[in-house]
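What the coordinates show
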Amino acid sequence: MRVLFVCLGNICRSPSAEAVMRGLVESRGVDGIEIDSAGTGDWHIGHPADPRAIAAANERGVEIGGLARQVRSSDFEDFDLILAMDQSNHATLLAMDGADASKVRLFREMAGEGEIDVPDPYFGGEDGFDLVLDILERGCAVVLEEISS
Ligand code: 4NP
């Protein structure tokens, strides 16, 4: 099972989601799950995650790594599940060439929270990053339960 998290810049929410999910997979000893993240936008390609995201995650023992990349059509072949952080990301994914709608879900909707967004922390204060991590830790636990059972 290959899971791709997608946000706008791939420097705040989706790399955080990738790191949270990887930590859960490792701590629970779940085999056979590969995780990656990407952004719909191209502004931050090749950049590390936002230092505010890295710092907030570190406080919880979650390590964010990797460099930003943009989502590409081949992701629809390479991944089994593509989780959009918000409804705008979701719409962008579905409008892409080669989009496979059967693989694309809204993260919080899959986590059983309804059609709501993981709020974009980029233009806000530090506490936005903690809120995002709270949402991701709760949601990833539900999603992992669903995909590993
Ligand atoms: P992300 O946050 O989508 O969670 O990575 C953002 C990062 C950068 C920008 C917007 C959102 N930006 O406009 O550059």
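Please refer to the structure higher up on the page.
It should be emphasised that the depicted structure is a prediction, and the values quoted were computed from it without experimental measurement.

Cut-off values and rules
Residues numbered from 1 in each chain as written. Predicted model: local features only at pLDDT ≥ 70, side-chain atom pairs only at ≥ 80, totals over all residues. Heavy atoms only, no water. Near = heavy atom within 4 Å. Polar contact = N/O pair within 3.5 Å; in protein donor to acceptor, adjacent residues only side chain to side chain. Nonpolar A, V, L, I, M, F, W, Y, C, P; charged D, E, K, R; others polar. Helix = DSSP H or I, 4+ residues; strand = E, 2+ residues; numbered from the N terminus. Buried < 20%, exposed > 50% of the residue type's maximum accessible area, 1.4 Å probe, protein only. Contact = heavy atoms within 4.5 Å. Expected span 1.5 Å × (residues − 1).

By nearness alone, every residue bordering the ligand is listed as Cys7, Leu8, Gly9, Asn10, Ile11, Cys12, Arg13, His44, Asp120, Tyr122 and Phe123. Gly9 is positioned with one of its backbone polar atoms (N or O) 2.8 Å from an oxygen atom of the ligand. Measuring from an oxygen atom of the ligand, one finds a backbone N or O atom of Ile11 at 3.0 Å. Counted by class, the shell around the ligand contains six nonpolar, three polar and two charged residues.

The residue Ser14 is located in helix H1 (residues 13-28) in this model. Looking at Ser14, the relative accessible area reads 0%, which means it is buried. Those residues in contact with Ser14, other than ones at most four positions away along the chain, are Phe5, Val6, Cys7, Ser37, Ala38 and Met85.

So, about H1. The terminal C-alpha atoms of H1 lie 22 Å apart, and with 16 residues this matches the ideal 22 Å at 1.5 Å per residue to within 8%. Arg13, Ser14, Pro15, Ser16, Ala17, Glu18, Ala19, Val20, Met21, Leu24 and Val25 are the residues of H1 that are buried. Its buried side turned inward, H1 meets strand S1 (2-7), strand S2 (34-39), helix H2 (51-58), helix H4 (87-94) and helix H6 (127-148). Once H1 finishes, Gly29 follows within two positions and takes phi at roughly 65°, a positive value.

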